[in-house]
Every structure is written in structure tokens, then in C-alpha cells.
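Here are the chains, one letter per residue:
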Amino acid sequence: MQIIVIGSGVGGLSAAIRLQAQGHRVMIVEKRDKPGGRASVYQQDGFTFDAGPTIITAPDLIHELFELSARKTEDYVTLVPLDPFYNVRFEDGSVFHYNGDQDYLIEQIHQFNPDDVEGYHRFYRASEQVFEKGFPLMTQPFSYFTDMLKVAPDMLQLQSFKSVAGFVNQYIQDERLRQVFSFHPLLIGGNPFQSTSVYAMIHKLEQAFGVWFAMGGTGALVQALVRLFQELGGELQLNCEVAEILIDGKTQRATGIALKSGGLLPADAVVTNADVASTYLNLVPSQFRRKYRDRHVQNLRYSMSLFVLYFGTNRRYDQMAHHEILMGPRYREWMVDLFERKHLASDFSLYLHRPTATDPTLAPPGCDGWYALAPVPNLDGPTDWQERTQPYRDAIVQYLEQHYLPNLSQHIVTERVINPLYFRHELNSYKGSAFSVEPTLFQSAWFRPHNQSEDISNLYCVGAGTHPGAGLPGVMSSGKIVATLIGAA
């Protein structure tokens, strides 16, 4: 078959590689002048910045893409394990060094609160059970309600009706430790107090497979996947924005795409790695949408957005790890501001990324490359980002300087900023959401936009907004699901 993939994010690349390896003729069309989608790269003043995802877990999903073509990952990109996975820092000065060494974790838990050691053991055993039941579901489609019914008893047994925070808090008492073991949903656009406890399996996932980094940055992984795709015979077209997915009125099937440049490209099937809401609202004509009508799409809950400050310093801060989670003074209340009130709070929690801790070549000698990522409300909130961008940037620099990076403002030599407007305009993300559909219980699995469209049978969805969700393991798994569905068609 001739298959067109809209978008060259990691989900689109994953699907395209698998489909090309199956023997199909696959073309990826990409709006921007470089591949990667959210995983694109900025280069300026001798610094290389990964624009988006930086945390690699479940590396076997990457290895599979090369192995199915009788190739080896290491011939294309070098993945290295990180230790610690993250430092989780609190404003009282305490630091939890989160890694894969169970004995070390337990020793630290004892230092934070001796009474939580036994609770952690029980939490870990419970997260193992969630992982054993939940992880295989990441690569299974939920096309029919009966698919959901089959796993419902297991999900009830695993307390999937609880939130991640609720699941953790029944075992852990220390407020700081509760945050250490419940923050992960934020990395995929979820609220720890609303995301289903199935995501508690992320702790076991990281303990089982580690946290990894691609030398050269996530952009090096994207380039490796593009190279593999093209070696298999796939075609990548950049600067190629889609105006419409063409549908035959009689058969209700996709016949190709129309480009904004005016061209038409025929296809036997279309895979969209574009934002799922924008796909339905902007690319599929309304008369062909019975399930995904405008109101249905608009009424879904969408994740928060992000404010990201990329900056380079002319000195190194070797006391900071590759991944730093900087917890602010509030946790639950801050989540309410972020997800419910859509209010840009004056305080924040930050993810601080320092890839030069692992790969110094991403910056000039003696320098560090960084990004500081702040979860912020999506564009449903009232924030005027034209007005607030500079003050918010200044507040982040001041906070980092006061708490973690002495004299930071004197050492920044290059920088750039993205905010929710970037996600809306550059990445076509509905409401400026950074992770598409929010991962709540009733927006997961069968309740999430399906990998195979209910409206157009040969239109398939990959990426953050469809099953199983955001994050590199999620979007790569969506590509695997779609390739399996098309292969069985």
C-alpha cells in the first residue's frame, strides 16, 4: 500500500519505520523544515538544545525498530544510562537522589522518614503488579468497548479508579516522599491528583529498564530514526504542510491529502502524527465526522502547556545532575491552579535539564547547556503571554539564581523561550496543550481517541493524543499499534 504519515514526531517515525519494513511504500510529510515534531532541536551560539522530550525509558521499544530491519541501535545512536535518574530537590534543602539502586533508595527513604521504609516496600510491590498488568496494554489497541471490558477486572483489582497521588499516599506518609513517587504524571501532561493510578507503573518501569540519554541529545535519536526510515526506502518531505485529508464521499475512506502548497498526494491509508484535536477539527471535513464532531473534540480535557527557557552558561554548575526536579513550596494547591483554575501562579515547580552533565559536546568547552521547564496553564486560561513572557522568564532566572545556580544571570550567554503560543502556532496543538489529551481515567485506553478512526476506517492516529498517551514509550507504542492494525487489515 501507499501510506502517508502526517508529521515526523517520534510516533510518526515509529509507525513509518514499521510500515516501511512491512513492505509498504511510506511517505512522511512534515510541516516544518526539520523532522522531530516536539523532539526537534535548536542550535545557536555553539549550543545544542533539545526542544522537547529528553527522558528515555523502555529503550527496548527503540531497539525493536532497528532489530525488525536486522540492524543494531548502536550503529545509529549511542544510548547511555543515567545515574541518578533525577535529583528531586525541595525548598527546605533536602534532596532525593532517585535512581535504580533499591538499597540506596531505601537508605534515603530511611533518612527522610524511617516509618516510610515499610510503606515503600508495599508501594513497590503494588507498582510491580500494576506494571505486570498495565505495561503490556501499552501496545494493544482499544478499538472496541469489549477490549476495555476484558481488562476491567484487573484494573479494578489494581485500584485504577484511584489517582497516582491517592495510590502513593496510602503507602507513604512523608509529604516530600509522596511527591517523589507521584510527580511522574506531570512528565506526560497529567495531574498526579487526577491521573489514573495505572501510571504508578512508571516507577517500576524506570526501576526495570532505567532512564537513558541519547548522546548528542534526543535530536540524535530522531536523526537515527530518520536515517533508518530512509535506508528502508521511505521518503521524507519537509516544508510540506497538510491542508486537508481527502475523503471519498461514497466509501467514507481517506484517499490522500491536499497540501497547503496546492498539491495532492494519493494514499491507500493515512497515519496522522499531528495533534489529534487539530487533525479532526482542521484536517477532516466535518461531514465525515460522526464521532469526532467539533463539540466532542472541544469537550475533551486537554493537558497543561509549558513555558521553557533554553539557556547556555559560560561556566559549568557541576553540583547539578542531568535531570533535576525542583519542587516548589506548594504541591496539591499548585496543581489546582495549573489544571483547574488555569491560573498562572507566582510560584512554580521546575524540571531543569542539564544534558552537558552527560554530553559536554552539546555546549562550547567549559560551558553548560540547559532548559528550565515550567508547567503552565493551557490557553483556556486568561494569561496574556505577549505580556507575561518576559516577567515569567525573569522570575525563573531569579528563582534559580537564589536557590540553585549562583550568579546565574551574570553567566547566561545565549537563550530562547517558548510558551503556550508556540505549541498552538508552531505545533498546531489545540489550546496550546503540550501533551494533547489529558491522561485521566476516563480519557485512557478505550476512552482515549482511538488509534484507528471510528469515522474513517483507513485513517490512523499516533502520538500523544491517542492510546496509550504521551512520553517516548507512549508515542512509540502508538506507532507499533498502528503498524499492527494496518498489517492485519
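Presented here is an overview of the structure given in this document. Source: prediction; values computed, not measured. Residue positions are given per chain, counting from 1 as you read along its sequence in written order. At least 70 in pLDDT is required for a residue's local features to be given in this predicted model, at least 80 for side-chain atom pairs to be given and counted, and no such filter applies to totals for whole chains, interfaces and linings, which use all residues. Computation of side-chain values covers all heavy atoms of the structure but excludes hydrogens and water.

### Some remarks on the overall build of the protein chain
Consideration 1: Helix numbers and strand numbers start at the N terminus; a helix is a DSSP run of H or I with at least 4 residues, a strand a run of E with at least 2. Tallying secondary structure elements over the protein chain gives 16 helices and 19 strands in all.
Consideration 2: For 489 residues, the compact-globule estimate of 2.2 N^0.38 gives 23 Å, and the protein chain sits close to it at 22 Å.
Consideration 3: Over its C-alpha atoms, taken along the principal directions, the protein chain stretches across nearly 65 × 55 × 50 Å.
Consideration 4: To sort residues, take the accessible area from a 1.4 Å probe on protein chains only and compare it with the maximum for the residue type: under 20% means buried, over 50% means exposed, and anything in between is partly exposed. Burial statistics for the protein chain: of 489 residues in total, 61% are counted as buried.
Consideration 5: Two residues qualify as a contact provided that any one of their heavy atoms is within 4.5 Å of a heavy atom in the partner residue. Residue pairs at least 24 apart in sequence account for 73% of intrachain contacts in the protein chain once pairs closer than 6 positions are excluded.
Consideration 6: In the form shown here, the protein chain has an accessible surface area of approximately 18,700 Å², with 49% of it arising from carbon and sulfur atoms.
Consideration 7: Treating the 41 positive side-chain charges of the protein chain as one cloud and the 51 negative ones as another, the clouds have centres 7 Å apart. Only C-alpha atoms enter the radius of gyration; for comparison, a globular chain is expected to reach 2.2 Å times N to the power 0.38, where N is the number of residues. Only the protein chains shown count as cover for residues, and the accessible areas themselves come from Shrake-Rupley with a 1.4 Å probe. By the counting rule applied here, Lys and Arg register as positive and Asp and Glu as negative, while His and the ends of each chain are not counted. Charge positions are represented by NZ for Lys, CZ for Arg, CG for Asp and CD for Glu.

### Digging into the pattern of salt bridges
Consideration 1: Should a side-chain nitrogen of Lys or Arg be within 4 Å of a carboxyl oxygen of Asp or Glu, the pair is scored as a salt bridge. Here the structure, examined in full by the defined rule, presents 24 salt bridges.
Consideration 2: Between Glu324 and Arg89 there is a salt bridge, and its shortest N-O distance comes to 2.6 Å. Highlighted residues: Glu324 in strand S15 (residues 323–326) and Arg89 in strand S6 (residues 86–89), separated in sequence by 235 residues.
Consideration 3: The salt bridge involving Glu118 is made with Arg125; its shortest N-O contact spans 3.9 Å.
Consideration 4: The exposure class assigned to Glu118 is partly exposed, which follows from its relative accessible area of 45%.
Consideration 5: Residue classification places Arg125 among the partly exposed positions, given a relative accessible area of 44%.

### Some remarks on the nonpolar core
Consideration 1: Residues enter a nonpolar core if they are buried and are Ala, Val, Leu, Ile, Met, Phe, Trp, Tyr or Cys, with the set joined through side-chain atoms within 4.5 Å. Grouped together as the largest cluster of nonpolar side chains are 136 residues, with contacts concentrated most on Phe96, Phe181, Val271, Phe311, Ile396, Leu400 and Leu405.
Consideration 2: Sort the elements by how many residues they give to this core and helix H16 (residues 472–488) lands first, with eight residues.
Consideration 3: When near neighbours in sequence (up to four residues on either side) are disregarded, Phe96 contacts Tyr86, Asn87, Val88, Leu105, Gln108, Ile109, Phe112, Leu177, Val180 and Phe181.

### Observations regarding a negative patch on the surface
Consideration 1: Only residues whose relative accessible area exceeds 30% and that take part in no salt bridge are eligible for patches, with like-charged residues grouped when within 9 Å of each other and nonpolar side chains (Val, Leu, Ile, Met, Phe, Trp, Tyr) grouped when within 5 Å. Together, Asp83, Asp101, Asp103 and Glu107 make up a region of like negative charge exposed at the surface.
Consideration 2: Position of Asp103 relative to the elements: it lies in helix H3 (residues 102–112).

### Describing the side chain of Ser94
Consideration 1: Position of Ser94 relative to the elements: it lies in the loop between S6 and strand S7 (95–98).
Consideration 2: When its relative accessible area of 15% is taken as the criterion, Ser94 is described as buried.
Consideration 3: Polar contact criterion, stated in full: a pair of N or O atoms within 3.5 Å, where within protein one must be able to donate a hydrogen and the other to accept it, and residues adjacent in sequence count only if both atoms are side-chain atoms. In this structure the side chain of Ser94 is engaged in a polar contact, spanning 2.5 Å, whose partner is the side chain of Asp92.
Consideration 4: In this view, Ser94 contacts Val88, Arg89, Phe112 and Arg176; residues no more than four positions away in its chain are not counted.

### As for the environment of Phe423
Consideration 1: On the secondary structure map, Phe423 appears in helix H15 (residues 420–425).
Consideration 2: Separated by 43 residues in sequence, Phe423 and Thr466 place their C-alpha atoms 18 Å apart.
Consideration 3: With near-sequence residues (within four places) excluded, Phe423 lies in contact with Ser305, Leu306, Ile418, Asn428, Ser429, Gly432, Ser433 and Ala434.

### Examining the pairing of strand S10 (residues 242–247)
Two faces make up the sheet, and in a regular strand the side chains alternate between them.
Consideration 1: Whether two strands pair depends on DSSP finding at least two bridges between them. Sheet topology places S10 next to strand S11 (residues 254–259); five bridges connect them, and they run antiparallel. Paired with Val242 across the bridge in S11 is Leu259.
Consideration 2: What sits between S10 and S11 in their antiparallel hairpin is a turn of six residues, with Gln252 showing a positive phi close to 60 degrees.

Read these as geometric descriptors, not functional statements.
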